[in-house]
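# Coordinate inspection notes
So you can see what is in the structure, the chains are spelled out below.
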Amino acid sequence: MASQDITPVVKDSAKVSLLNDPKFRGYIFQAVAVLVIAGLVYWMVNNTITNLQRANLASGFGFLDGRSGFDISSSPYLAYSSDSTYLQALWVGILNTLTVAFAGIITATIIGFIIGIGRLSHNWLIRKICTVYVEVFRNVPPLLVIFFWYSGVLSVLPQARQSISLPFNMFLNNRGFFFPAPVFGEGAWLAGVGLLVGIVGTFLVRRWAYKRQMATGQQFPVGWTSLGLIVGLPLLALAIKGFPLSFDYPVLGAFNLRGGSQVGPEFMSLYLALSFYTASFIAEIVRAGIRGVGKGQSEAAHALGLRAGPTTRLVVVPQAMRIIIPPLTSQYLNLTKNSSLAVAIGYPDLVAVGGTILNQTNRSIEVVTIWLVVYLSISVLTSLFMNWFNAKMALVER
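Residues numbered from 1 in each chain as written. Predicted model: local features only at pLDDT ≥ 70, side-chain atom pairs only at ≥ 80, totals over all residues. Heavy atoms only, no water.

Another aspect to go through is the overall build of the protein chain. What the protein chain contains, in helices and strands, is 12 helices and eight strands. For 398 residues, the compact-globule formula gives about 21 Å, and the C-alpha radius of gyration of the protein chain, at 28 Å, lies well above that figure. Taken over the C-alpha atoms alone, the protein chain extends approximately 110 × 80 × 50 Å along its principal axes. Counting across all 398 residues of the protein chain, residues that qualify as buried make up 33%. (Helix = DSSP H or I, 4+ residues; strand = E, 2+ residues; numbered from the N terminus. Rg over C-alpha atoms; globule rule 2.2 N^0.38 Å. Buried < 20%, exposed > 50% of the residue type's maximum accessible area, 1.4 Å probe, protein only.)

Okay, the UniProt feature "domain: ABC transmembrane type-1" (unreviewed entry) in the protein chain next. As annotated by UniProt and renumbered to match this structure, "domain: ABC transmembrane type-1" (unreviewed entry) occupies residues 94-386. Secondary structure across residues 94-386 comprises 69% helix and 9% strand; the distance between its end C-alpha atoms is 21 Å. (UniProt positions renumbered as here; feature names shortened; annotations may be inferred.)

On the surface, Leu195, Ile199, Trp224, Leu227, Ile230, Val231, Leu235 and Phe243 cluster together into a nonpolar patch covering about 790 Å² of accessible area. The set of elements that each furnish at least two residues to the nonpolar patch consists of helix H6 (189-216) and helix H7 (222-240). With five residues, H7 is the largest single contributor of residues to the nonpolar patch. The residue leucine 235 is located in helix H7 in this model. (Patch = residues over 30% accessible without salt bridge, like charges linked within 9 Å, V, L, I, M, F, W, Y side chains within 5 Å. Areas by Shrake-Rupley, 256 points an atom, 1.4 Å probe, with all protein chains shown as cover. Salt bridge = Lys/Arg side-chain N within 4 Å of Asp/Glu carboxyl O.)

Hydrogen bonding along the main chain pairs the strands of a sheet, whether they run parallel or antiparallel. Within the open sheet, the four strands sit side by side as E1-E2-E3-E8. Their pairing is antiparallel. Pairing within the sheet leaves two strands with one partner each, and these edge strands are strand E1 (164-166) and strand E8 (261-263). Averaged over all pairs of adjacent strands, the angle between strand axes in this sheet comes to 20°, irrespective of strand direction. Where strand E3 (residues 176-179) and E8 come together, three bridges link them in antiparallel fashion. Paired with phenylalanine 178 across the two strands is glutamine 262, which belongs to E8. (Pairing = 2+ DSSP bridges. Axes fitted to C-alpha atoms, helices over the stretch in contact; angles between N-to-C directions.)

According to the stated counting rule, one finds five salt bridges in the structure shown. Close ionic contact of glutamate 284 with arginine 119 constitutes a salt bridge, the shortest N to O distance being 2.3 Å. Of this pair, glutamate 284 sits in helix H8 (residues 265-291) while arginine 119 sits in the loop between helix H3 (86-118) and helix H4 (124-138), and the two are 165 residues apart along the sequence. Assigned by exposure class, glutamate 284 and arginine 119 land together as buried. Salt bridges sharing common partners tie together Arg119, Glu135, Arg138, Glu284 and Arg287.

On to the UniProt feature "transmembrane region" (unreviewed entry) in the protein chain, then. Summarizing the sequence annotation, UniProt attributes the feature "transmembrane region" (unreviewed entry) to residues 27-45, 90-115, 136-157, 177-205, 226-247, 267-286 and 368-389 in the numbering used throughout. Structurally, residues 27-45 is divided into 100% helix and 0% strand, and its ends, taken at the C-alpha atoms, are 27 Å apart. A helix fraction of 100% and a strand fraction of 0% characterise residues 368-389, whose end C-alpha atoms lie 32 Å from each other.

What follows is about helix H2 (residues 22-54). Compared with the 48 Å implied by 1.5 Å per residue over 33 residues, the 48 Å span of H2 between its first and last C-alpha is a close match. Trailing H2 by a residue or two, asparagine 56 shows a phi angle of about 55°, which is positive. (Expected span 1.5 Å × (residues − 1).)

All right, on to the side chain of asparagine 96 then. The topology assignment puts asparagine 96 in helix H3. By relative accessible area, asparagine 96 is classed as buried at 1%. Once residues lying within four places of it in the same chain are set aside, the contact partners of asparagine 96 are Ser74, Pro76, Tyr347, Pro348 and Asp349. (Contact = heavy atoms within 4.5 Å.)

Another point: the packing of aromatic side chains. Here the structure, examined in full by the defined rule, presents 14 aromatic pairs. With a centroid separation of 4.7 Å and 45° between ring planes, the pair formed by tyrosine 133 and phenylalanine 137 is classed as tilted. Separated by four residues within a single helix, tyrosine 133 and phenylalanine 137 lie in helix H4, roughly one turn from each other. As far as the burial class goes, tyrosine 133 and phenylalanine 137 line up, both buried. (Phe/Tyr/Trp six-rings, centres within 6.5 Å; stacked < 30°, edge-to-face > 60°.)

Across three bridges, strand E2 (residues 170-173) lies against E3 in antiparallel orientation. When the bridges of E3 are listed, asparagine 173 appears paired with glycine 176.

This part takes up the nonpolar core. By size, the foremost hydrophobic cluster in this structure holds 40 residues, and its most contacted members are Ile115, Tyr133, Leu270 and Ile324. Elements represented by at least two residues in this core include exactly H3, H4, helix H5 (142-154), H8 and helix H10 (308-338). Top contributing element to this core by residue count: H8, with 12 residues. By size, the runner-up hydrophobic cluster in this structure holds 20 residues, among which are Phe63, Tyr86, Ala89 and Ile378. (Core = buried A, V, L, I, M, F, W, Y, C linked by side-chain atoms within 4.5 Å.)

All right, on to the side chain of serine 269 then. Tracing the sequence through the fold places serine 269 in helix H8. Of the residues examined, serine 269 reaches a relative accessible area of 0% and is grouped as buried. A distance of 2.9 Å separates a polar side-chain atom of serine 269 from the backbone oxygen of proline 265. For serine 269, the contacting residues outside a window of four places in its chain are Ile146, Trp149, Tyr150, Leu154 and Ile345. (Polar contact = N/O pair within 3.5 Å; in protein donor to acceptor, adjacent residues only side chain to side chain.)

Laid out in structure tokens, this is it:
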């Protein structure tokens, strides 16, 4: 009889303990959240389709195969004309967005690191100049910074006939920046192969040098070796083929420049504005990361005879990177998304080209969906790369 009375109590206690299990409750909450989100998505899609049918509006992405009928001022990668399709126009906008985002991220990172380290300088003038830079750009809307470069700097440059002459047959005027365009001859593709081999070789040399230093403490001149591989191998490939490379130089005419390549003022103003604006935030991230490294690390390096420069470069910054990288990812994403402000100055990025397509086809839902998918994809890929880089920089305990 006693065992029969105990059995139900054991079963009830098992049920109670299962409900009190945080892991089990977590699964329940996640399942409920997924069902709620799926229901909302289904309701939104169904409601949209119903409203489109009620208004007799066509839907779908078949319009992308239609003739665009408009020109794009900047298409450096794809051959595009008004006879191209809407899909080709979108590809031009996507590539322009990626170009300004990639160039801006590199420049903003370099400027941000310089300004961030400068804010910690013992030199009063350098420290104050860097502080003023951060406070000015960080507290101004990015759109105003874009207008500043576009209307306040580039538009007041001399006209084409009075172009500013720069070294290596380069010119600068209010129509943009002109520089020699490379013309590749037969066999020049071998230089690209040499560049690829040089990059792979640089990666392998860096790994070998790191393992060698960890085992013996001896440093290897990785920088000079990498420079020799990346620059020397393409030059060697060109030499083997008889240097099948020439340049089309811009020539100053009566009213304009002929030949060469041109970077328009729209791209330059957007690129410079996003770079300088984002660099102010990166500078604060760098300063905070360096402050997060214990002062004893610098004191120990000085005790070993290292000067201030090598101490910052070899001791402090590598440790600060573990603090810098996570918030740095957010700034890279912000710069990419802020590139959509290009529509204000007429640079044909994804949003500007998509807006023109929207006005011509009245396919607002489809165009906005393309915007969402493209920017979401870029952001996710950037986050994945930065998470991988952050994991590589993480402190590994022996």
